[in-house]
Amino acid sequence: LGATGVPAFLPINSIVVKGAIAVLIGMAIKLSYASSVNGMITGNIETFYGLAKDGLLRCADFFTITNRNGRPLTSGILQFAVVFVLGTLVSNPTVLANLTNIAVLLVFLLLTVALIAVLNKQSNPSLTDKLIAYLGFAMSAGLAGYSFMLLGSTMSQRLGSVAPLIVCVILSLAMYQPATFQAPRSY
């Protein structure tokens with residue numbers, strides 16, 4: 001019966017109270033989902049703004065424009081435009097959820113690869129740290145692969161469904177500008 005079916009099993013005789021509890025549970029689930037989406041979008045805006053402010057993106061001056069309250073304006077508009085376009089292009093909620101899983105899990109994959117690289121550079125990393133890093137990589141890769149397989153029944157359907165995500169990744173890579181580090185001068 002799902003989460004909203006829980007009140008049916010409560011030892012309460014009033015149908016009105018059970019209905020109100022079911023409505024509250026449904027509202028709590030929707031509010032939690034909306035809060036998660038808002039937090040993720042806001043976090044992405046701040047990350048994008050931070051990358052632009054540090055000079056790691058092309059056209060950084062454009063992406064660091066803020067509103068009168070000091071909040072990132074162009075970064076926010078771009079983030080919401082991307083969310084709107086992806087939401088419009090991908091009309092199937094299951095496909096959209098799996099694309100989100102793949103994107104988040106790819107970030108986890110990159111982080112675990114970086115962690116493994118750091119651990120391999122250490123002179124004597126602990127076995128537990130290495131095990132956790134490799135397990136994180138395997139689990140992220142496995143879940144990303146599983147989400148990819150859920151995108152469709154054929155490979156062409158899966159690749160067609162993942163195309164918007166690939167376009168976003170390519171555009172992100174085109175915007176990236178490696179930082180140039182200068183050696184300190186000796187006087």
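Parameters and conventions
Residues numbered from 1 in each chain as written. Predicted model: local features only at pLDDT ≥ 70, side-chain atom pairs only at ≥ 80, totals over all residues. Heavy atoms only, no water. Helix = DSSP H or I, 4+ residues; strand = E, 2+ residues; numbered from the N terminus. Buried < 20%, exposed > 50% of the residue type's maximum accessible area, 1.4 Å probe, protein only. Contact = heavy atoms within 4.5 Å. Salt bridge = Lys/Arg side-chain N within 4 Å of Asp/Glu carboxyl O. Core = buried A, V, L, I, M, F, W, Y, C linked by side-chain atoms within 4.5 Å.

Trainee: Account for the environment of Ile77, naming residues and giving values.
Mentor: Tracing the chain through its elements places Ile77 in helix α3 (residues 74-89). Classification of Ile77 by relative accessible area gives exposed; the value is 53%. Each C-alpha atom of the pair Ile77 and Ser161 lies 25 Å from the other, and the pair is 84 residues apart in sequence.

Trainee: Talk me through the side chain of Thr74; I want residue IDs and the actual numbers.
Mentor: Residue placement: Thr74 occurs in helix α3. Not counting residues within four places of it along the chain, the set of residues in contact with Thr74 comprises Phe62, Phe63, Thr64 and Ile65.

Trainee: For the environment of Met149, give the residues involved together with the corresponding values.
Mentor: Looking at where Met149 falls in the secondary structure, it is placed in helix α5 (residues 127-149). You can call Met149 partly exposed: its relative accessible area is 44%. Put simply, Met149 and Leu106 are 43 residues apart on the chain and 15 Å apart in space, counted from C-alpha to C-alpha.

Trainee: Can you lay out the pattern of salt bridges for me, pointing to particular residues and giving the numbers?
Mentor: Counting across every chain of the model gives one salt bridge. Among the salt bridges present, the one from Glu46 reaches Arg71, with a minimum N-O distance of 2.6 Å. Of the two residues, Glu46 sits in helix α1 (residues 15-53) while Arg71 sits in the loop between α2 (60-63) and α3, which places them 25 residues apart along the sequence. According to the relative accessible area criterion, Arg71 is partly exposed, its value standing at 42%.

Trainee: Explain the nonpolar core to me, using residue names and the numbers behind them.
Mentor: Grouped together as the largest cluster of nonpolar side chains are eight residues: Val90, Val95, Leu99, Ile102, Phe148, Leu151, Val162 and Leu165. In terms of residue count, the dominant contributor to this core is helix α4 (residues 93-121) (three residues). If sequence neighbours within four positions are ignored, Ile102 has contacts with Ala144, Ser147, Phe148, Leu151 and Leu165. Judged by nonpolar contacts, the second largest core, of five residues, contains Phe48, Ala52, Ala60 and Phe63.

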